[in-house]
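Take a look at the letters that make up each chain.
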Amino acid sequence: LQLSRNVICKSCNGVGGKPGSRKQCRGCDGRGIKVTLRQLGPGMMQQMQHACNDCGGQGESISEKDKCKVCTGNKITKETKILEVVDKGMKHGQKITFRGDGDEQPGVEPGDVIIVLQEKEHDVFKRNGLD
């Protein structure tokens, strides 16, 4: 099974650029979101929350010249991995877990990949137990 997943950039170690180049976003004060108040009528206000346009919801920004050349400041890169899944004698509905092979992000533990087998009927061959 071919698996495409996100991994932490090995060039910048998930920082996104040169050390010390990350700056807190001024538009959202590092929160990654902006809150907008809108008056609907006398005495009625609507409060809306949306991702910051300046930093893309990250809460920090890196200048273009300081960004990592490999991940372009995204802190992660794509990786393709081949997983050997099916062994002899596996059953329909059997779960196979690959611990830590899920997508990676800086500061977050990678998840697991769980594959559930689905047996497909064949015109010629019939399964008898584990045979």
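Note: the structure precedes this text.
Figured I'd write up the structure that's included with this text. (Residues numbered from 1 in each chain as written. Predicted model: local features only at pLDDT ≥ 70, side-chain atom pairs only at ≥ 80, totals over all residues. Heavy atoms only, no water.)

Below, the discussion takes up the nonpolar core. Listed in full, the 9 residues of the largest apolar core are Leu 3, Leu 83, Val 85, Met 90, Ile 96, Phe 98, Val 113, Ile 115 and Leu 117. Apart from residues lying up to four places away in sequence, Phe 98 is in contact with Leu 83, Glu 84, Val 85, Asp 112, Val 113 and Ile 115. (Core = buried A, V, L, I, M, F, W, Y, C linked by side-chain atoms within 4.5 Å. Buried < 20%, exposed > 50% of the residue type's maximum accessible area, 1.4 Å probe, protein only. Contact = heavy atoms within 4.5 Å.)

So, about the environment of Glu 79. Looking at the secondary structure, you find Glu 79 in strand S6 (residues 76-82). With a relative accessible area of 25%, Glu 79 lands in the partly exposed category. When the C-alpha positions of Glu 79 and Ile 96 are compared, they lie 21 Å apart, and in sequence the two are 17 residues distant. Dropping the residues within four chain positions of it, Glu 79 is found in contact with Leu 3, Ser 4, Arg 5, Val 7 and Lys 10. (Helix = DSSP H or I, 4+ residues; strand = E, 2+ residues; numbered from the N terminus.)

Once that is clear, we can look at the layout of surface pockets. Approximately 360 Å³ is the volume attributed to the largest pocket. If you trace the largest pocket, you find 17 residues lining it, with Gln 58, Glu 60, Gly 73, Asn 74 and Lys 75 closest to the centre. Per-element accounting of the lining of the largest pocket gives the leading share, 3 residues, to strand S5 (residues 60-62). A breakdown of the residues in the lining of the largest pocket according to their chemical character gives 5 nonpolar, 7 polar and 5 charged. (1 Å grid on protein atoms, 1.4 Å probe; cavity = no way out; pocket = protein on both sides within 12 Å on 5 of 7 lines; lining within 4 Å. Points joined across faces, edges and corners; volume = space filled by probe spheres on them. Nonpolar A, V, L, I, M, F, W, Y, C, P; charged D, E, K, R; others polar.)

Okay, the pattern of salt bridges next. Any two side chains of opposite charge can pair if their charged atoms end up close together. According to the stated counting rule, one finds 10 salt bridges in the structure shown. When salt bridges with common partners are traced through the structure, they connect Arg 5, Glu 79 and Glu 104 into a single cluster. (Salt bridge = Lys/Arg side-chain N within 4 Å of Asp/Glu carboxyl O.)

Below, the discussion takes up the environment of Gly 57. Checked against the element boundaries, Gly 57 lands in the loop between strand S4 (44-51) and S5. Of the residues examined, Gly 57 reaches a relative accessible area of 33% and is grouped as partly exposed. Here the alpha-carbon distance between Gly 57 and Pro 106, two residues 49 residues apart in the chain, equals 15 Å. Those residues in contact with Gly 57 that sit more than four places away from it in its chain are Gly 32, Ala 51 and Cys 52.

Moving on to the state of the cysteines. Scanning all chains against the criterion turns up 0 disulfides. Here Cys 25 stays unpaired: no disulfide links it, and the sulfur of Cys 28, its closest cysteine neighbor, is 3.7 Å away. Of the residues examined, Cys 25 reaches a relative accessible area of 5% and is grouped as buried. The cysteine Cys 71 is free of any disulfide, with Cys 12 supplying the nearest cysteine sulfur at 3.7 Å. (Disulfide = S-S within 2.5 Å.)

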